[in-house]
Amino acid sequence: MANSQGAPSTSAGTRKEKIYCANCINCKLVRSASDEGDQYYLRVRCAAGKWRKKLGGEKVYKYFTVARRNIDECDTYEPMGDAREFIRELKKSLPIKDEVYSSQP
Ligand code: SF4
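**Quick look at the overall build of the protein chain**
In terms of regular secondary structure, the protein chain is built from one helix and six strands. The linear arrangement of helices and strands in the protein chain, starting from the amino end, is β-β-β-β-β-α-β. For the protein chain, the proportion of its 105 residues judged to be buried stands at 9%. Pairs at least 24 residues apart make up 56% of the contacts formed inside the protein chain by residues separated by at least 6 positions.

Right, dumping it as structure tokens:
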């Protein structure tokens, strides 16, 4: 809805859906090496470079927290499908803590 100036309305009561980063094509799962040889942790990063530390470096998050990453707006959001259904299923499959994985079988 537009207001009298033609700009989008931001009045109270107009509520947009939250954007879940996990449902965005730019949210990438990556490995982060641990100090123990062949072991690693899982991290998520924003391939569009939107997650930044205060001093400007890239911020990555622990994989098990990915369902919590949401923002109100993002100009590079590329949804991969219905967010609510996806997040519900994702929450069921996420680990409950930061787990260490091994690249050895
Ligand atoms: S592009 Fe935006 S919505 Fe997508 S992962 Fe990055 S910050 Fe989240």
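Next comes the rest of the write-up.
**Structural notes on the environment of Pro95**
Relative to the helices and strands, Pro95 is located in the loop between helix H1 (83-93) and strand S6 (100-102). Put simply, Pro95 and Tyr63 are 32 residues apart on the chain and 8.1 Å apart in space, counted from C-alpha to C-alpha.

**Concerning the pairing of strand S3 (residues 39-46)**
As paired elements, strand S2 (residues 27-33) and S3 share seven bridges and run antiparallel to each other. Residue Val30 lies in a different strand from S3, and its bridge partner there is Arg43. Sheet analysis places S3 next to S6, joined by three bridges and oriented antiparallel. Paired with Gln39 across the strands is Ser102, a residue of S6. Where S3 meets strand S4 (residues 61-62), two bridges bridge the pair, whose relative direction is antiparallel.

Thresholds, definitions, all that
Residues numbered from 1 in each chain as written. Predicted model: local features only at pLDDT ≥ 70, side-chain atom pairs only at ≥ 80, totals over all residues. Helix = DSSP H or I, 4+ residues; strand = E, 2+ residues; numbered from the N terminus. Buried ≥ 20, exposed ≤ 12 C-beta atoms within 10 Å, placed from the backbone. Contact = placed C-beta atoms within 7 Å. Pairing = 2+ DSSP bridges.

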